[in-house]
Amino acid sequence: ILKERLNILTEHSPKSDKQRKLEFVLEQVKLLTKSKFHRLYSPVLTIMSYTIYAESPAAYYTLRELSCVTIPSTNTLKKISKRVDENYGLDNLSYLHLRISKLNEYERNMLLIIDEIYVAKRLEFSGGNVIGLDDDGNVASTLLCFMIKSLASKYKDIVAVFPIHKLSAEKLNICYRKVILMLRDLPINVTAISVDNAATNRKFLSDYLCNSNIKTHIID
């Protein structure tokens, strides 16, 4: 009966809340028939699980211990979100490919948002690594964040976070070049860049992106 209801709902686009719930129930029933070593989770369930885990690891652990739903282990989620390069803070492309695979052609037109977050200067030792230093070995006072936001949907994701001691237009440009190289490997189209009106950002746009000649647009 559930399959028949689902087939009727799939004739309509976009997917309704009822359809997504039925798909979730059907997948849960299917996973119950598999051993934990042979389970294949759909991208939708994986993304949902990762979102819950990112919001609260404790809540995710509790949800798994209750065994009321079948969801990926935390080790599986950590593999998805494992960083390619811990020095530069670039997220794993496989995770971004997974998220973007659910978007249509129009939704893959993206806005690249660049913003900085000021943090307290401090160091932490975790997992054998010292956290809180920038590439030059200075204690970071700023986190330079890069986010992509779809122009045609609610999709958005943080793609890179760089610890910075003192932000300059030159450092901003270096980080930007690393991020844009990564984004070229994704099936998306970055159509615009958004920054606030800080002096560093203005200098980055004028001196580096526009080669000291302000333009209404640039070609990547």
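Explain the nonpolar core residue by residue, including any values.
Core analysis: the biggest nonpolar cluster contains 35 residues, and Leu144, Phe146 and Leu183 have the highest contact counts within it. Sorting the residues of this core by element identifies helix 3 (43–55), helix 6 (93–100), strand 1 (109–118), strand 4 (142–150), strand 5 (156–164), helix 7 (169–183) and helix 8 (199–209) as the ones contributing at least two each. Ranked by residue count, the leading element in this core is helix 7, at eight residues. Those residues within four positions of Leu144 in sequence are excluded, and the remaining contacts are Ile114, Asp115, Glu116, Ala160, Val161, Phe162, Ile164, Leu167, Leu172 and Cys175.

Just give me the short version of helix 7, but keep the residues and values in it.
Counted at 1.5 Å a residue, the expected span for helix 7 with its 15 residues is 21 Å, and the 21 Å between its end C-alpha atoms agrees. Those residues of helix 7 that fall on the buried side of the exposure criterion are Ala169, Leu172, Asn173, Cys175, Tyr176, Val179, Ile180, Met182 and Leu183. In this structure, the buried residues of helix 7 make contact with helix 6, strand 1, strand 4, strand 5, strand 6 (189–194) and helix 8.

Could you give me a rundown of the pattern of salt bridges, with the residues and numbers involved?
As enumerated under the stated definition, the model contains two salt bridges in all. For Arg99, the salt bridge goes to Asp157, with nearest N and O atoms at 3.2 Å. Residue Arg99 is found in helix 6, and its partner Asp157 is found in strand 5; the two are separated by 58 residues along the sequence. For the salt bridge of Lys203 with Asp207, the shortest nitrogen-to-oxygen distance reads 2.7 Å. Within this pair, Lys203 and its partner Asp207 are both found in helix 8, separated by four residues, close to a single helical turn.

Reading guide: rules and limits
Residues numbered from 1 in each chain as written. Predicted model: local features only at pLDDT ≥ 70, side-chain atom pairs only at ≥ 80, totals over all residues. Heavy atoms only, no water. Core = buried A, V, L, I, M, F, W, Y, C linked by side-chain atoms within 4.5 Å. Buried < 20%, exposed > 50% of the residue type's maximum accessible area, 1.4 Å probe, protein only. Helix = DSSP H or I, 4+ residues; strand = E, 2+ residues; numbered from the N terminus. Contact = heavy atoms within 4.5 Å. Expected span 1.5 Å × (residues − 1). Salt bridge = Lys/Arg side-chain N within 4 Å of Asp/Glu carboxyl O.

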